[in-house]
Amino acid sequence: MNLEKQLADDGQMSGFENDITVFIMNYSLCMTLKDIGVLPDVIYGERIGKLSGLVVAGSISLGDAVQIIRTGIDKDIYPSNYPDYQWRDANVPVIDSIDAELKKELNSSIVINAGCNDKVIEELGTDAQAIIPVTDKGQMDVQELYQVLGMLWCNGCKVDWYAVHKGKRRARIPLPGYVFDKIEFDSDVVLSDIFNRSNDEDVKKVNTDKPITSFEDIRDELMKIWNEVLGTQTVGESDDFFELGGDSLNAALFASLVKKKLEINIPVSEIFNNSRFGDLVNWLYQNKPEQMANKEENQIRILEKQPYYETSSAQKRMYAVSQLIGDALSYNLASVYLIEGKLDRPKLEETFNTLVMRHESFRTYFGLVDGQVVQYIADEVPSVVEFANVDEKEVFEEINRSIKPFDLSKAPLMRVKFISVSDVKHYAVIDMHHIISDQSSIDILLQEFTMIYKGEKLPKNEVRYIDFAAWQNQLFKKGLIEKQIDYWMKELSGEIPVLDMYTDFQAPQGITHKGKILHFSVDKDNSLKINQFAKELRITPYMLMMASLKLLLYKYSGQKDLIIGTLSPEGTICH
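Treat the numbers as computed from the prediction; the structure is a model and nothing was measured.

### Quick look at the pairing of strand 10 (residues 414–420)
Line of reasoning, step 1. The element strand 10 is extensively covered by neighbouring structure, given that seven of its seven residues are classed as buried.
Line of reasoning, step 2. Where burial is concerned, the two faces of strand 10 agree: the one with Met414, Val416, Phe418 and Ser420 and the one with Arg415, Lys417 and Ile419 are both buried.
Line of reasoning, step 3. Inspection of the sheet shows strand 9 (residues 385–389) paired to strand 10 by five bridges, in the parallel sense. When the sheet's bridge partners are listed, Phe387 is paired in strand 10 with Phe418.
Line of reasoning, step 4. Between the parallel pair strand 9 and strand 10, the chain is carried across by helix 17 (residues 395–402), and the sense of this crossover is right-handed.
Line of reasoning, step 5. The pairing of strand 10 with strand 11 (residues 425–433) spans seven bridges and is antiparallel. The residue bridging Arg415 from the neighbouring strand is Asp431, located in strand 11.

### Some words on the confidence of the model for the protein chain
Line of reasoning, step 1. Mean pLDDT for the protein chain: 78, with 76% of residues reaching 70 or above.
Line of reasoning, step 2. The least confident element of the protein chain, judged by mean pLDDT, is helix 1 (residues 3–10) at 45; the most confident is strand 5 (residues 309–310) at 96.
Line of reasoning, step 3. For the stretch residues 1–12, pLDDT sits under 50, and the model shows 28 contacts to residues farther than four places along the chain or on other chains.
Line of reasoning, step 4. Below pLDDT 50 for its whole length, residues 569–575 participates in 19 contacts with residues either more than four positions away or in separate chains.

### Digging into the sheet that holds strand 11
Line of reasoning, step 1. Strand order across the open sheet formed by four strands is 6-11-10-9, with mixed pairing between neighbours. One side of each edge strand has no neighbouring strand; the edge strands of this open sheet are strand 6 (332–340) and strand 9. Pairwise comparison of adjacent strand axes, ignoring direction, gives a mean angle of 20 degrees for this sheet.
Line of reasoning, step 2. As paired strands, strand 6 and strand 11 are joined by nine bridges and run antiparallel to one another. Within strand 11, the residue paired with Leu338 across the bridge is Tyr427.
Line of reasoning, step 3. Across the face of the sheet, helix 16 (residues 345–358) comes into contact with strand 9, strand 10 and strand 11 while running at roughly 150 degrees to strand 9.
Line of reasoning, step 4. Set on the sheet, helix 18 (residues 439–453) makes contact with strand 6, strand 10 and strand 11; between it and strand 6 the angle comes to about 30 degrees.

What counts, and where the lines are drawn
- Residues numbered from 1 in each chain as written.
- Predicted model: local features only at pLDDT ≥ 70, side-chain atom pairs only at ≥ 80, totals over all residues.
- Heavy atoms only, no water.
- Buried < 20%, exposed > 50% of the residue type's maximum accessible area, 1.4 Å probe, protein only.
- Helix = DSSP H or I, 4+ residues; strand = E, 2+ residues; numbered from the N terminus.
- Pairing = 2+ DSSP bridges.
- Right-handed = clockwise from strand over helix to strand, strands pointing away.
- pLDDT = per-residue confidence, 0-100.
- Contact = heavy atoms within 4.5 Å.
- Axes fitted to C-alpha atoms, helices over the stretch in contact; angles between N-to-C directions.

Right, dumping it as structure tokens:
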């Protein structure tokens, strides 16, 4: 937008009033961005735009700039044309023309358009990584400023959010610390087996055991969890979790299963402190009564039917990021399975349609109500199943075409496509948005698909995700996680350390979700030495490796305070 032209066309201002209004807008915006840590590498402007840029860059004082406007700008803004004022070297280059070299650099940069006309934008070229328009009117409200800051942040700019909120308390929410693109996951379910099993094969029964309260009950159930996580057959009282091969990721999985099956929250740190089986049983038995006392108050309650429902903190985060990055595959959870045998197409479609009606998440879509992200549940949605026939050599192109961005405002946020290359060879592509699913969801979907396909009856869904989201929001409102928030606010207070290390190539300004994975292996002898050394220190090999990585980064960078993000089994950052 050309702000000067708009003001002149309005006929409400002329001369000094018009110029000073444009100057105030440009100067205020630049200083606001500067105060919250958004520092430009170069400022481009013509006439008033260049003058406001020179003030921000420290080349001329604010008072002198206003005086130049008051006396009238009848020459190009150069120190030699205004010798009566005190000029200093600018701390940021300020220019009023774009040469070929600069245009080439801008094509890989982030451009903030604070009022340039269309001709200037054309000169910048359409290859710029991001051209962010500040506003399409002569003023900007707080919501528009937040939108600009969000777009800058998503494109890789550093933003001082503490300065943005001016000391106000804000809750942190977890952001993904991993790249979503092109990651392969293994599944325990083999789709080919579904079509080769007999209908009278046994299926897993729903656990209808009585509540676990006694010491013996806890010990027996913990033994099952222990064997499941560590792959052991027998358990002794003095058996050590980590000596049997457990690590910090196993410990996180162990704690998750204890929570699910025994309804006892055990911190991973307590597994380290009570790593012997007998000690763990004692800890769980001693802490169960206290946790049971709070169970009734904090339990997840089943919601009645509503026009719309609350969203969880993870859903809010994914919705916001999805809206900012636009059509992208960053949050697509896609998996491909090879199926051998003849397909019963009507039965396949009927089975998936049954799953969609069974799980409300597959009929969920999202929107805004009073500025808050909410989720809606459709009573019915179109079939999620498609079929296609292609030549073998075209199958991978067809698979890639099948994985497309989702519109979060439309259900279903799931697609299933069966691609046949012959009568007995097929590929199943299951694609879902991460906002309604995770890797565990895919495993459950495949297991239930097997049961429905065989005509088995599924257990009733006791708790839905909308119930969990409402429960989580209640925890925030009741202040039950204030201790966790206070801990992390204190832990991450002040300036967050950023790794400052010389690299072979310059990192891109914007986030691209592209990267490489370096694979390497440790030979048997060294592996045994690492495990033995970790055992002597009573730590896991993972902890030893992480400490070694931090030591290496310290040697390269000289920084002692480092933050490294890794994944837990639940997909959240745990280090």
